[in-house]
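Descriptive analysis of the structure
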Amino acid sequence: MSGYGERMEARVSVTEGGDELSSLLDWLRQEDELRGRVRPLSVTPELGHMGGAGDALTVALGGGGAITVLVASISVWLRNRRSDVNVEVTIGDRKVSLDVKRFKADPAGVRELVEAASQALAQD
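Before going further, it helps to spend a moment on the nonpolar core. Judged by nonpolar contacts, the single largest core of 31 residues is most densely connected at Val12, Leu24, Leu61, Leu70, Ile74, Val87 and Val89. Listing elements by their share of this core, those giving two or more residues are strand E1 (8-14), helix H1 (19-29), strand E3 (56-61), helix H2 (66-79), strand E4 (86-91), strand E5 (94-99) and helix H4 (110-122). Among the elements that take part in this core, H2 stands out by supplying eight residues, more than any other. Non-local contacts of valine 87, meaning those with residues more than four positions away in its chain, are made with Val12, Ser13, Val14, Leu24, Ile74, Trp77, Leu78, Val96, Ser97 and Leu98.

As structure tokens, this is what we get:
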């Protein structure tokens, strides 16, 4: 089974929910290749935890390089954040975490992180 050959969904969550998640939603909706594929996801909270609407986003991924586009777009969004934000992208049982601190500390490593995260998420 190929990661690019079948319809997949990515779940995207942000450690700083609320405004940051809304900002990321708006950002991803402007990406041509992701337009119409991004929507807010309400997650049922675990017992004893708060939760509600807009806890995460789902992104419908088709063929081609949609995973790479998603991760690259998130990385650009992260570089424009002024506060510490961590974004977690999950596809099936594969998960990567992108941290704004890493982007500010090593801008030259952004491309490598995007490639590594894309490959990790797209593995068969």
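Moving on to the pairing of E4. Where burial is concerned, most of E4 is hidden: five out of the six residues are buried. Across four bridges, E1 lies against E4 in antiparallel orientation. Looking at the pairing, serine 13 lines up with glutamate 88 of E4. Here E4 folds back onto E5 in antiparallel fashion, the turn holding two residues, of which glycine 92 has a positive phi close to 60°.

Quick notes on the rules
- Residues numbered from 1 in each chain as written.
- Predicted model: local features only at pLDDT ≥ 70, side-chain atom pairs only at ≥ 80, totals over all residues.
- Heavy atoms only, no water.
- Core = buried A, V, L, I, M, F, W, Y, C linked by side-chain atoms within 4.5 Å.
- Buried < 20%, exposed > 50% of the residue type's maximum accessible area, 1.4 Å probe, protein only.
- Helix = DSSP H or I, 4+ residues; strand = E, 2+ residues; numbered from the N terminus.
- Contact = heavy atoms within 4.5 Å.
- Pairing = 2+ DSSP bridges.

Taken by themselves, the reported measurements are silent on function.
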